[in-house]
Amino acid sequence: MVDYLIVGSGLAGIAFAETALQRKKSVFVIDAASSNSSQVAAGLYNPVILKRFSPLWQAQQQLDLLHSFYQTLESKLDCKFDFKLPTLRKFASIEEQNNWFVASDKYGLNAFLAPELVSRKYNGIDSPFDYGLVKQAGYVNVALLLEQYKKYLIQNGSYSRESFDYNVLVSYPDSIAYKNHSARHIIFAEGFGLRANPYFNTLPLDGTKGELLIIKAPQLDLDVIVNTNIFILPLGNNLFKVGATYNWTDKTDSPTEEGKLELITRLNEIIHCEFEIVSHLAGVRPTVKDRKPLLGTHGEYPLFHILNGLGTRGVMLGPSMAKMLFENIELNIPLFAEIDIKRFDRKK
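So, here is what we can say about the structure in this document. Note that the coordinates shown come from a computational prediction; the quantities given were computed from them, not determined experimentally. (Residues numbered from 1 in each chain as written. Predicted model: local features only at pLDDT ≥ 70, side-chain atom pairs only at ≥ 80, totals over all residues. Heavy atoms only, no water.)

What to know about helix 4 (residues 142–155)
Look at helix 4: 20 Å from first C-alpha to last across 14 residues, which is about the 20 Å you get at 1.5 Å a residue. Turning to helix 4, its buried residues are Val142, Leu145, Leu146, Tyr149, Lys150, Tyr152 and Leu153. Along the axis of helix 4, the buried residues cluster in a sector spanning 155 degrees; they form a single face. Structural note: helix 4 exposes Ile154 and Gln155 on the side pointing more than 90 degrees away from its buried face. Against helix 1 (11–22), strand 2 (27–31), helix 2 (59–77), strand 10 (138–140), strand 11 (159–161) and helix 6 (314–331) lie the buried residues of helix 4. Following helix 4 by one or two positions, glycine 157 has its phi on the positive side, about 65 degrees. (Helix = DSSP H or I, 4+ residues; strand = E, 2+ residues; numbered from the N terminus. Expected span 1.5 Å × (residues − 1). Buried < 20%, exposed > 50% of the residue type's maximum accessible area, 1.4 Å probe, protein only. Arc of directions from axis to C-beta. Contact = heavy atoms within 4.5 Å.)

Some remarks on the pairing of strand 1 (residues 2–7)
Most of strand 1 is tucked away, with five of its six residues classed as buried. Here strand 1 runs beside strand 14 (residues 181–188); their pairing, made up of five bridges, is parallel. Following the sheet pairing, isoleucine 6 is matched in strand 14 by isoleucine 187. Note that strand 1 and strand 2 share four bridges and pair parallel. (Pairing = 2+ DSSP bridges.)

Quick look at the packing of aromatic side chains
Here the structure, examined in full by the defined rule, presents 22 aromatic pairs. When the centroid spacing of 5.5 Å and the interplanar angle of 70 degrees are considered together, the rings of phenylalanine 91 and tryptophan 100 count as edge-to-face. Grouping residues by exposure puts phenylalanine 91 and tryptophan 100 together as buried. For the ring pair phenylalanine 188 and tyrosine 199, a centre distance of 6.4 Å and an interplane angle of 20 degrees mean the geometry is stacked. Of this pair, phenylalanine 188 sits in strand 14 while tyrosine 199 sits in the loop between strand 14 and strand 15 (205–216); the two residues are eleven residues apart in sequence, bridging distant segments of the chain. (Phe/Tyr/Trp six-rings, centres within 6.5 Å; stacked < 30°, edge-to-face > 60°.)

A short note on helix 3 (residues 94–104)
Those residues of helix 3 that sit buried are Gln97, Trp100, Ala103 and Ser104. One face of helix 3 carries all of its buried residues, which in axial projection span an arc of 125 degrees. Helix 3 presents Glu95 and Val102 as exposed residues on the side facing more than 90 degrees away from its buried surface.

Brief notes about the environment of phenylalanine 83
On the secondary structure map, phenylalanine 83 appears in strand 6 (residues 82–84). Look at phenylalanine 83 and you get partly exposed, because its relative accessible area is 29%. Considered as a pair, phenylalanine 83 and asparagine 237 are 154 residues apart in the sequence and their alpha carbons are 16 Å apart. Ignoring any residue separated from it by four or fewer positions in sequence, one finds phenylalanine 83 in contact with Tyr45, Gly138, Tyr139 and Asn141.

Digging into the sheet that holds strand 17 (residues 231–236)
The eight strands are arranged 8-9-7-16-17-18-15-19 in an open sheet whose pairing can be described as mixed. Where the open sheet ends on each side, the last strands, each with one partner, are strand 8 (113–118) and strand 19 (276–288). Going across the sheet, the axis of each strand differs from the next one's by a mean of 25 degrees, ignoring polarity. Bridging between strand 15 and strand 19 involves twelve bridges; their strand directions are antiparallel. In the sheet register, leucine 205 faces strand 19, and the bridge partner there is valine 288. With respect to the sheet, helix 3 is in contact with strand 7 (87–90), strand 8 and strand 9 (131–134), its orientation differing from that of strand 8 by roughly 145 degrees. (Axes fitted to C-alpha atoms, helices over the stretch in contact; angles between N-to-C directions.)

Structure (structure tokens):
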């Protein structure tokens, strides 16, 4: 018997697995083999919603835990995937500059938004209105992290790739059983695949499709993340990740010509150098209408728990949400009302 059977091996699933392992608990991870947006995630982290110049909930706490969490994993896996990289918000007008100045002076934002404009010129990008610097930003190479962590789980006999069959899950008073597995608790972290989960599929999880491009642009001189209505992330070797689109109707994870055209159009509005499309990726993000994660325990099955709805900020939310859920289960520390799935019971 293990302490935790975890369904899902994206950012949410591995964040909980590692949180439990660091606290001397045993785990077994089943890759739900459902839509896994983590595989194509941009991996960006920054503490501000740049579209509205507003702070994220518990941003500093999330960032502090993020770095210690991923640094521990880097040592454990002997692999580098957390990269602190400045993020520059490219301004399109004097009005945007003024909005930045106002925001950078506000409590809760002044720790993250530098008040001075960045006037550096990058080859391949016109920036007549300069940039604003977002502090404490960067990105995680999510694909590499997931690949290496799954190898670690496999080496320890703690991983299986299979479709999860909810019909053979059995709940006992003090344990759960699934095929030849038994555990003290089960954690559902299936991402958008939650919609097939009969225990939690009444929760208002929606899917927001996102598409990304990997481009090669030798003339684009960029060593920072640039953010406008899309982002441009340097990967090295003249490669850049460009994204992302937001589609609320298409729930497939197949790249589309429409998505590619949208990204190319927006990219051409920012850069003025030639580029080649190397790859085109797509995934369905697990998003919630109130933009808060889904954490908690099933009302009728006290050993069934959920960690989902991390949306576009999985690398930031994953470690902190996993810690909160673990402490709720093991130490009975209450979850914040904003993230507890009980918030939807109150709305009925």
